[in-house]
Amino acid sequence: MNAGEVEVLPAWRIWGEEKGDGIVYTVYLKKIKYHTPVRSVQNMDPDHEYSPSRWSPRGTAEEIVAHHMKIVKEASEAAKKLNSCSLDVPYGKSDGERMDIYGLDLPKDAPVCVYIHGGYWQDLSKNISAYPVQPLYDAKCVTVILGYDLAPKVTVSQIIDQVKQGMVKVIEFATERGSRSVVVAGHSAGAHLASTLLSTEWISSIKESAKLLKALFLISGVFDLQPLIGTYVNAALSLDKIEAASVSPMLNLAENKGKIEVACQVVVGEYDPPSFKDQSEKFYKLLLEKGYAAELKIFNGYDHFNIVEDLRNFGYLLSQEIVKLAFS
């Protein structure tokens, strides 16, 4: 392998439709092994390294962010209009400790799919993060969009505690309904927050209901927060070395001694920043070393933003994978 290259583990690749003689052939999926050349991150400007919008080939950083905001707002508003929902359900005392629940008219045993938004722990909200709802509803899955307070109002450590508290309420909700399973997906900072559920203490807190948790989808996540200390991201987070290490799942993942039977899907885009791809690969390997069931999937042609924008489409492979594990 040449310097500046990263070996990418086998990933799903979509080959597309083929048409001929009036026939549209089935989309083929193959698992392949290949190498993706990336720029070396040595001596790179840390702000550039951890600015996902700068790595997309679809346009300028400003265009990528503007398009993303347009997509997620429109899809979220449509979800509110088209689905039976209960908004701003409290799970704590603060303004941010709220969740939106969609699909309340579905059968009581319907799976519950939880989505945790990103935004570097300081931006975005549950209110514009309902874009995965419609495909999940069509597949007969209840969806919970979990909110939380943002930095600098609260610290990353406090956000982690909020998400764990919110997930206790989700598990209680699923248990009371008689749901068959709970699946959690988190994007970017949300992937970091979802990964903190792999905690012996948290799993113990939900007792026998832990068996409901079937899968975690960790999409384009950051699992070691130490590199963020010298970036623009840290202006709101105010992390020092000790705090950054303490809230990094990469440094604190416990051994899985048979207590947590959950499928961990680590997902990252081809055009995510190299640092994100590197962290995803390292966290995937750590999950395996610690005894968790894990897979790493690199989505070719996707960047940090459209990898979740397409969750609004039922035909999207990631949407289908979430549904598949929810019903497994």
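Residues numbered from 1 in each chain as written. Predicted model: local features only at pLDDT ≥ 70, side-chain atom pairs only at ≥ 80, totals over all residues. Heavy atoms only, no water.

## Quick look at the packing of aromatic side chains
Now for step 1: Enumeration according to the criterion identifies eight aromatic pairs in this entry.
Now for step 2: With centroids separated by 5.9 Å and ring planes inclined at 50 degrees, the aromatic side chains of Tyr50 and Phe276 adopt a geometry described as tilted. Residue Tyr50 is located in the loop between helix H1 (46-49) and helix H2 (61-82), and its partner Phe276 is located in helix H10 (residues 274-289); the two are separated by 226 residues in the primary sequence. Across the pair, Phe276 and Tyr50 agree in class, each one buried.
Now for step 3: Ring centres 5.4 Å apart and planes at 40 degrees place the aromatic pair Tyr302 and Tyr316 in the tilted group. (Phe/Tyr/Trp six-rings, centres within 6.5 Å; stacked < 30°, edge-to-face > 60°. Helix = DSSP H or I, 4+ residues; strand = E, 2+ residues; numbered from the N terminus. Buried < 20%, exposed > 50% of the residue type's maximum accessible area, 1.4 Å probe, protein only.)

## Side note on the nonpolar core
Now for step 1: Ranked by internal contacts, the top residues of the largest apolar core, which has 69 residues, are Val114, Trp121, Met167, Val182 and Val184.
Now for step 2: At nine residues, helix H4 (residues 156-177) tops the list of elements feeding residues into this core.
Now for step 3: In this view, Val114 contacts Val144, Leu146, Met167, Val170, Val182, Val183, Val184 and Ala185; residues no more than four positions away in its chain are not counted.
Now for step 4: Of all hydrophobic cores here, the second largest spans 33 residues; its members include Val133, Cys141, Ile219 and Ala326. (Core = buried A, V, L, I, M, F, W, Y, C linked by side-chain atoms within 4.5 Å. Contact = heavy atoms within 4.5 Å.)

## Focus on the environment of Thr231
Now for step 1: Summarising the element assignment, Thr231 is placed in the loop between strand E10 (213-219) and helix H7 (234-237).
Now for step 2: Sequence-wise, Thr231 and Asp45 are 186 residues apart; in three dimensions their C-alpha atoms are separated by 8.8 Å.
Now for step 3: Excluding residues within four positions of it along the chain, Thr231 makes contact with Pro46, Asp47 and Tyr50.

## What about the pairing of strand E8 (residues 142-146)?
Now for step 1: The element E8 is largely enclosed, with a buried count of five among its five residues.
Now for step 2: Burial of the side chains of E8 extends over both faces: Val142, Val144 and Leu146 are buried on one face and Thr143 and Ile145 on the other.
Now for step 3: One ladder, built from four bridges, connects strand E6 (residues 98-102) with E8; its direction is antiparallel. The residue of E8 that forms the bridge with Tyr102 is Thr143.
Now for step 4: Bridge count for strand E7 (residues 112-116) against E8 is five bridges, and the pairing is parallel. From the neighbouring strand, Cys113 faces E8, where its bridge partner is Thr143.
Now for step 5: Read as a crossover between parallel neighbours, the route from E7 over helix H3 (residues 133-138) to E8 is right-handed. (Pairing = 2+ DSSP bridges. Right-handed = clockwise from strand over helix to strand, strands pointing away.)

## Quick look at the sheet that holds E8
Working definition: the strands of a sheet are paired by backbone hydrogen bonds and lie parallel or antiparallel to each other.
Now for step 1: Reading across from one edge, E5-E6-E8-E7-E9-E10-E11-E12 is the order of the eight strands in this open sheet, with mixed pairing throughout. The outermost strands of the open sheet, each flanked by one partner alone, are strand E5 (85-90) and strand E12 (293-299). Going across the sheet, the axis of each strand differs from the next one's by a mean of 20 degrees, ignoring polarity.
Now for step 2: Alignment of strand E9 (residues 182-187) against E10, held across six bridges, turns out to be parallel. (Axes fitted to C-alpha atoms, helices over the stretch in contact; angles between N-to-C directions.)

## Comments concerning H4
Now for step 1: Helix length check: H4, at 22 residues, gives a terminal C-alpha distance of 31 Å against a target of 32 Å (1.5 Å per residue), a fit within 8%.
Now for step 2: Listed as buried for H4 are Val156, Ile159, Ile160, Gln162, Val163, Gly166, Met167, Val170, Ile171, Phe173, Ala174 and Arg177.
Now for step 3: The positive-phi residue at the C-terminal boundary of H4 is Gly178, with phi of around 85 degrees. (Expected span 1.5 Å × (residues − 1).)

## Quick notes on unusual backbone geometry
Now for step 1: Note the cis peptide between Ala151 and Pro152, where omega equals 5 degrees.
Now for step 2: Secondary-structure assignment places Pro152 in the loop between E8 and H4.
Now for step 3: Phi is positive for Asp88, which is not a glycine, with a value near 60 degrees.
Now for step 4: Residue classification places Asp88 among the partly exposed residues on the basis of a relative accessible area of 47%.

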